[in-house]
Amino acid sequence: MAVQKKTSPRKSNTVRLKFDTAWPYSPAPESKSAAQIKPQYDLFINGEWQKPLTKKYFKTINPASEQVLSEVADAGEADVNKAVNAARAAYDKHWKNMPAKERGKYIFRIARIIQERARELAVIETLDGGKPIKESRDFDIPAAANHFFYYAGWADKLEYAFPNRRPEALGVAAQIIPWNFPLLMTAWKIAPALATGNTVVLKPAETTPLTALTLADIIRESDLPPGVVNIITGAGNTGAAMVNHPDVNKIAFTGSTEVGKIIQRSIAGTDKKSTLELGGKAANIIFDDAPIDQAVEGVINAIYFNQGHVCCAGSRLYVQESVAKEVIRKLKDRLESLIVGDPMDKNTDIGAINSRSQLDIIHKYIKIGKMEGADMYESSCKLPGKGYFVRPTMFTNVAQSNRIAQEEIFGPVLSVLTFRTDDEVIEKANNTPYGLSAGVWTDKGSKIFNMTRRMKAGVVWANTFNKFDPASPFGGYKESGFGREGGLHGLSAYVNLRNL
Ligand code: ADP
């Protein structure tokens, strides 16, 4: 773990930039009318909306305005039990014996309805989670639909995915997802589980339940047999009850390393299978021969995209010393031109932080960065008076041992470090407890291969960052978890392979 460096706070290491935007954008707000948010949501169990046995509900708010959007059921142990029983019954009665090509038809249908209702889903995602509408509209929702399409195609071709083996479904999958890509993570979990013949109990994060609950409605519309997908809401206790339920065969979790460790301890000694996608502290490396403008834009995308609420965010930037000055100058200029504010505005680059507690964590790390003696730059943009917002921030003069270079911040905060040689940067990049993703920017193909081979990260992007495709696997090393989602690897996480 990080060695904490004790330094006294420097007096004036915060620089707020002044930059006159030549041509400010006029507001271009997306209409809220596409979003059909109900005032209250129950639990989606066995194909119908069921009241929680706890009789409890909790509120979900819009982090950009702090207004309540709806209240959702707080599922207790007995509710989890009902959902798991419904999933088991559906597995035994319908899903296990359904011809694979029929299963595929349902998954295709879900994909098509997501496309048809894309605008509604994008608006709900942005209202509930705070991410810019251009991201939910252009990335999250289309990527979620693509995932269902991709895995629908595999459903009746599993014999080609696993030649000379007989893949068998595991049974009931308990799936727990985080708040950073709510619908997309739901798709990552449900689509491969259904394609391989499993049934599902899924729980979205407590701060972003609304798109998963809208998906429940889509699932009803698709006529999927009742109980094949159950969607329940609640916080950590609900998740823990899912993990500990004796009739669950597989746990798929995306979230913090801390909770990932709790889950691993809970299932130790059981025959439950698991995939865990946990935290990250990705290194993004710029060599002096890289196309600098393209690399700078890539860095902006890597860390400020989705407010830095990305497990694979490129939060550590390593720049080769000879180009460091130029890169830092260009980054500062670019930081200043990022548009921060109303996530529903189509011009917005950085929306709201997902919750008050996450905003507090980001502020805490900004304070730590200053205390550690790094130099801080932040955009001079004005923040909205209400809601959870933070200025895009960058630290330079960061030491490898600083906490802001070692620990996951999960916000729009970049730490910039420098290096001289390939060996030095490899050593520094790999020197973290995580290993989810990394980026390399260079003109030389040979250097790309050399670096990617030596970097301990599940995904290494070359001359790009944050590119996703349903066909390519994603997942980490070390404390970033294990197992892969996406592509063929994503299928194998949901099957037992028998010999023919
Ligand atoms: P973050 O710190 O990013 O909010 P968490 O790991 O706390 O991530 O949350 C990710 C998901 O895990 C959420 O759906 C949350 O409700 C759930 N969760 C939290 N604690 C537990 C737990 N002990 N067991 C199972 N799931 C949990």
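Because the structure is a prediction, the values reported are computed rather than measured.

Evaluated as defined, the whole model comprises 27 salt bridges. The salt bridge partner of R117 is E221, with a shortest N-O separation of 2.8 Å. Note that R117 is positioned in the loop between α2 (100–116) and α3 (118–129) and E221 in helix α7 (residues 210–221), a separation of 104 residues in sequence. The salt bridge partner of K444 is D289, with a shortest N-O separation of 3.1 Å. Of this pair, K444 sits in the loop between β18 (437–441) and α15 (445–454) while D289 sits in the loop between β13 (283–286) and α10 (292–304), and the two are 155 residues apart along the sequence. Look at the salt bridges and you will find they share partners, linking R117, E120, D217 and E221 into a network.

A few words now on unusual backbone geometry. Negative phi characterises most residues that are not glycine, and trans characterises most peptide bonds. Look at E66: it is not a glycine, yet its phi comes out positive at around 65°. If you trace the backbone, E66 turns up in the loop between β5 (57–62) and β6 (67–73). For E66, a relative accessible area of 30% puts it in the partly exposed group. Within the chain, N306 stands out as a residue other than glycine whose phi angle is a positive 55°. Positionally, N306 belongs in the loop between α10 and β14 (316–320).

Okay, the sheet that holds β5 next. One open sheet accounts for three strands, arranged β2-β6-β5; its pairing is mixed. Every other strand in the sheet has two partners, leaving β2 (40–41) and β5 as the edge strands with one partner each. Bridging between β2 and β6 involves two bridges; their strand directions are parallel. Within the sheet, the bridge partner assigned to Y41 lies in β6 and is V72. Contacts from α3 reach β5 and β6, with the element oriented near 100° to β5. Strand contacts of α7: β2, β5 and β6, with the helix running at about 55° to β6, the strand carrying the most contacts.

Here is what the cut-offs are and how they apply
- For every chain, the first residue of the written sequence is number 1, and numbering continues from 1 along that sequence.
- Only residues with pLDDT of at least 70 get local features here, since the model is predicted, and only at 80 or more are side-chain atom pairs given and counted; chain-wide, interface and lining totals rely on the full set of residues.
- Note that water and hydrogens are dropped before the side-chain values are worked out from all heavy atoms of the structure.
- Each reported salt bridge corresponds to a side-chain nitrogen of Lys or Arg within 4 Å of a carboxyl oxygen of Asp or Glu.
- The helix and strand labels rest on DSSP assignments: H or I over at least four residues marks a helix, E over at least two residues marks a strand, and numbering proceeds from the N terminus.
- Burial classification: accessible surface area is computed with a 1.4 Å probe over protein chains only, and a residue below 20% of its type maximum counts as buried, one above 50% as exposed, and the rest as partly exposed.
- Strand pairing is assigned whenever DSSP detects at least two bridges linking the two strands.
- We call two residues in contact when some of their heavy atoms are within 4.5 Å.
- Each axis is a line fitted through C-alpha atoms, and for a helix only the stretch in contact is used; angles between axes span 0 to 180 degrees, taken between their N-to-C directions.

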